[in-house]
Amino acid sequence: MSEAAHSVVRVRGYASSCRKPLEATGFVYAPERVMVNAHTVAGADRDLEVVLGDGRFAAQVVAFDPEADAAVLRAPGLTARPLRFTQASITAAVVVGYHKGATVPVELPAKVRPDQPAESYDIYNRVRVSLRIHRFQGAAITPGMSGAPLVSDGDRVAGMVFAADTEKADVGYALTTAQFSAVATSGRRAPTAVPHDPCD
């Protein structure tokens, strides 16, 4: 297991308003702070937790941006080493994430295209947004892996997985760090929970 994998966590919870359990991947980027996709924790109102190895840590959403599809969880007691962001141009990386139901992360090498603009909608399909993304190939993204970091140079986060290609099993998409840096900054020291309803 790589050094970066020790800072990648499972995120679990339940959204009562849409009656569904939530399961995703996240990664530690600051003390007691975990970066995740906003769509994976939208509406989470019960049993939200971060799981790493044998440790379970109650979590709360302290930053939430449905347009950037990024959110931050505060998990008191979580001591995993924070991973640092990079905005350097990359051509190769490793996706580190949890398949749904798995307790050990997988590490999937991927070829990465230069970051590119993309037009999409927010997580509620209400507002049209412009994103900066990485398209990568060679790593099959499965349920549970949304929020997985795109790791380069051993322990640098170059992006965060948010979607898989619907036609090509080994193609996926990651938000660049520039896309979610504002959310990361606002969540780094945020002490209290913020609204994150409804479900996506």
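This one's a predicted model, so the numbers in the text were calculated from it and none came from an experiment. (Residues numbered from 1 in each chain as written. Predicted model: local features only at pLDDT ≥ 70, side-chain atom pairs only at ≥ 80, totals over all residues. Heavy atoms only, no water.)

Participant: How should the overall build of the chain be read in this particular structure?
Facilitator: The helix and strand inventory of the chain stands at 2 helices and 15 strands. Here the chain has a C-alpha radius of gyration of 15 Å; the compact-globule value for 200 residues is 16 Å, and the two agree. For the chain, the spread of C-alpha atoms along the principal axes amounts to about 40 × 40 × 30 Å. Pairs at least 24 apart in sequence give 65% of the contacts found in the chain among residues at least 6 apart. Carbon together with sulfur atoms contributes 49% to the accessible area of the chain, which is approximately 9300 Å² in total. In the chain, the 21 positive side-chain charges and the 21 negative ones have mean positions that sit 1 Å from each other. (Helix = DSSP H or I, 4+ residues; strand = E, 2+ residues; numbered from the N terminus. Rg over C-alpha atoms; globule rule 2.2 N^0.38 Å. Contact = heavy atoms within 4.5 Å. Areas by Shrake-Rupley, 256 points an atom, 1.4 Å probe, with all protein chains shown as cover. Lys, Arg positive; Asp, Glu negative; His and termini not counted. Charge placed at Lys NZ, Arg CZ, Asp CG, Glu CD.)

Participant: Can you help me understand the pattern of salt bridges in this one?
Facilitator: Once their charged atoms are close, side chains differing in charge can pair, the charge on each being opposite to the other. A complete count under the given rule lists 6 salt bridges for this structure. Measuring nitrogen to oxygen at the nearest pair gives 4.0 Å for the salt bridge that ties Glu119 to Arg128. Asp155 is the partner of Arg156 in a salt bridge, and the nearest nitrogen-oxygen pair spans 2.7 Å. (Salt bridge = Lys/Arg side-chain N within 4 Å of Asp/Glu carboxyl O.)

Participant: Could you clarify how one ought to interpret the sheet that holds strand β5 (residues 55-58) in this entry?
Facilitator: Through backbone hydrogen bonds, the strands of a sheet pair up, either in parallel or in antiparallel fashion. Taken in spatial order, the 7 strands of this open sheet run β5-β4-β1-β2-β3-β7-β6, and their pairing is antiparallel. Every other strand in the sheet has two partners, leaving β5 and β6 (60-65) as the edge strands with one partner each. On average, adjacent strands in this sheet sit at an angle of 30 degrees to one another, irrespective of strand direction. In terms of strand pairing, β6 meets strand β7 (residues 70-74) through 5 bridges, oriented antiparallel. Paired with Gln60 across the strands is Arg74, a residue of β7. (Pairing = 2+ DSSP bridges. Axes fitted to C-alpha atoms, helices over the stretch in contact; angles between N-to-C directions.)

Participant: Teacher, can you tell me more about helix α2 (residues 177-188) here?
Facilitator: For an α-helix, 3.6 residues make a turn, and residues three or four places apart therefore share a direction. Within α2 the residues assigned to the buried category are Thr177, Gln179, Phe180, Val183, Ala184 and Gly187. Buried positions in α2, seen along its axis, are confined to an arc of 125 degrees and lie on one side of it. Opposite the buried face of α2, by more than 90 degrees, sit the exposed residues Ala182 and Thr185. (Buried < 20%, exposed > 50% of the residue type's maximum accessible area, 1.4 Å probe, protein only. Arc of directions from axis to C-beta.)

Participant: I keep staring at the nonpolar core and nothing clicks. Help me out?
Facilitator: If you look at soluble globular proteins, the nonpolar side chains tend to sit buried side by side. In terms of nonpolar packing, the biggest core is built from 30 residues, with Phe27 and Met35 touching the most fellow members. Sorting the residues of this core by element identifies β2 (20-30), β6, β7, β12 (128-137), β14 (156-164), β15 (171-176) and α2 as the ones contributing at least two each. Counting residues in hydrophobic clusters, the runner-up holds 26 residues, among them Val28, Ala59, Phe64 and Leu78. (Core = buried A, V, L, I, M, F, W, Y, C linked by side-chain atoms within 4.5 Å.)

Note that every value here comes from positions in space, so none of it alone points to a role or purpose.
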